[in-house]
Structure formats: structure tokens, C-alpha cells
Amino acid sequence: MLLWQITNRWQAAQRAALKPYGLTHVQFVLLAALTWLGTEGPITQKQLADHAATDPMMTSQVLRALEAAGYVERLPHPTDKRARALQVTNAGREVANRTVRVVAETDHRFFEPLGDLANPFTSSLQRLTSRGQLTRGA
């Protein structure tokens, strides 16, 4: 129950921080991930969903919203006729770069009360993730 309460408070802080940019938190996560991954060549929706650990159907819906906002383009994939290559637009890259800083600042303020315990807390979360305890879309 405690983790649920903290998660809700953290999500509320992130929603408030991203509201001026017109992004939801999941839109931010996918846009930031695509901006980072896009430097490595064509990225498919499946690759993005796998990287962000998001549900593929939800990823598709969010990408449609980001495309409608002019932040993402879906282009023909150069080697896979069935897939689309995702590409961040200049406007998407600009908003991703601005919001990465805003989200990082929000995280810093939120977790600041942990003080010296912040690093061990992060390490504990990473340990759970690496052991496969977190499932996509959960």
C-alpha cells in the first residue's frame, strides 16, 4: 500500500510538471525514449515498446497522439515492409529535450527528502527491474 501511495504522489508531481507542455507522463516517456533511441537508426514501435517496457497496444495509441501533435512521424521502414520506422520531428526533439530537464528536476525535488538514501533506493529499484520483477504494462 505504501508503494502505491508514493507512486500516486510521484505521478501527480510529474503530471503537474508536464502539463504546461501538453504531455502526459507516458507520452513523455515514449517521446524521450524515441529521441534517445532514434540516434541509432530506424526504430520500430515494437523496439520502442520493449525499451520503455510499455504495452504495445498502448504504445500505438500514444504514438498516434504524438504524431497528431507533430512530435513523431511514422515512415516506411527501410528493411521491413511490415513495420514503420518511427522518427522524432524537430518539434518533438525540442519538447523532449525541454521536458527531460523538467522531469529530472521534478524527480530531484520529489526524492530529495531521501538524502543519502536516494542512491540505495534507486539501486534497489534497479535490482527488482533486472531480476524481471517488473512486467510490461504493469
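For the structure, see preceding data.
Residues numbered from 1 in each chain as written. Predicted model: local features only at pLDDT ≥ 70, side-chain atom pairs only at ≥ 80, totals over all residues. Heavy atoms only, no water.

**Regarding the nonpolar core**
- In terms of nonpolar packing, the biggest core is built from 22 residues, with Leu23, Leu31, Leu34, Leu48, Leu66, Tyr71 and Val72 touching the most fellow members.
- For this core, the secondary structure elements donating two or more residues are helix H2 (25–37), helix H3 (45–52), helix H4 (56–68), strand S2 (84–88) and helix H5 (90–111).
- Looking at this core, the element that brings in the most residues is H2, giving seven residues.
- If we skip the residues at most four places from it in the chain, valine 72 touches Leu31, Leu34, Leu63, Leu66, Glu67, Gln87 and Thr89. (Core = buried A, V, L, I, M, F, W, Y, C linked by side-chain atoms within 4.5 Å. Buried < 20%, exposed > 50% of the residue type's maximum accessible area, 1.4 Å probe, protein only. Helix = DSSP H or I, 4+ residues; strand = E, 2+ residues; numbered from the N terminus. Contact = heavy atoms within 4.5 Å.)

**Regarding the packing of aromatic side chains**
- A full pass over the atoms with the stated rule returns two aromatic pairs.
- Between phenylalanine 110 and phenylalanine 111, the ring centres sit 5.0 Å apart and the planes meet at 80°, which makes this aromatic pair edge-to-face.
- Owing to a relative accessible area of 26%, phenylalanine 111 belongs among the partly exposed residues under this scheme.
- Centroid distance phenylalanine 111 to phenylalanine 121: 5.9 Å. Interplanar angle 35°. Geometry classified as tilted. Taken together, the positions of phenylalanine 111 in helix H5 and phenylalanine 121 in helix H6 (residues 118–130) put the pair ten residues apart, joining distant regions of the chain.
- For phenylalanine 121, a relative accessible area of 31% corresponds to the partly exposed category.
- Put simply, the rings of Phe110, Phe111 and Phe121 touch in pairs and so form one group of aromatic residues. (Phe/Tyr/Trp six-rings, centres within 6.5 Å; stacked < 30°, edge-to-face > 60°.)

**Describing the pattern of salt bridges**
- Within this structure, the stated rule accounts for four salt bridges.
- When the shortest N-O distance is used, the salt bridge between aspartate 50 and lysine 46 registers 2.8 Å. With aspartate 50 and lysine 46 both in helix H3, this residue pair falls four residues apart, about one helical turn.
- With relative accessibility at 57%, the residue lysine 46 sits in the exposed group. (Salt bridge = Lys/Arg side-chain N within 4 Å of Asp/Glu carboxyl O.)

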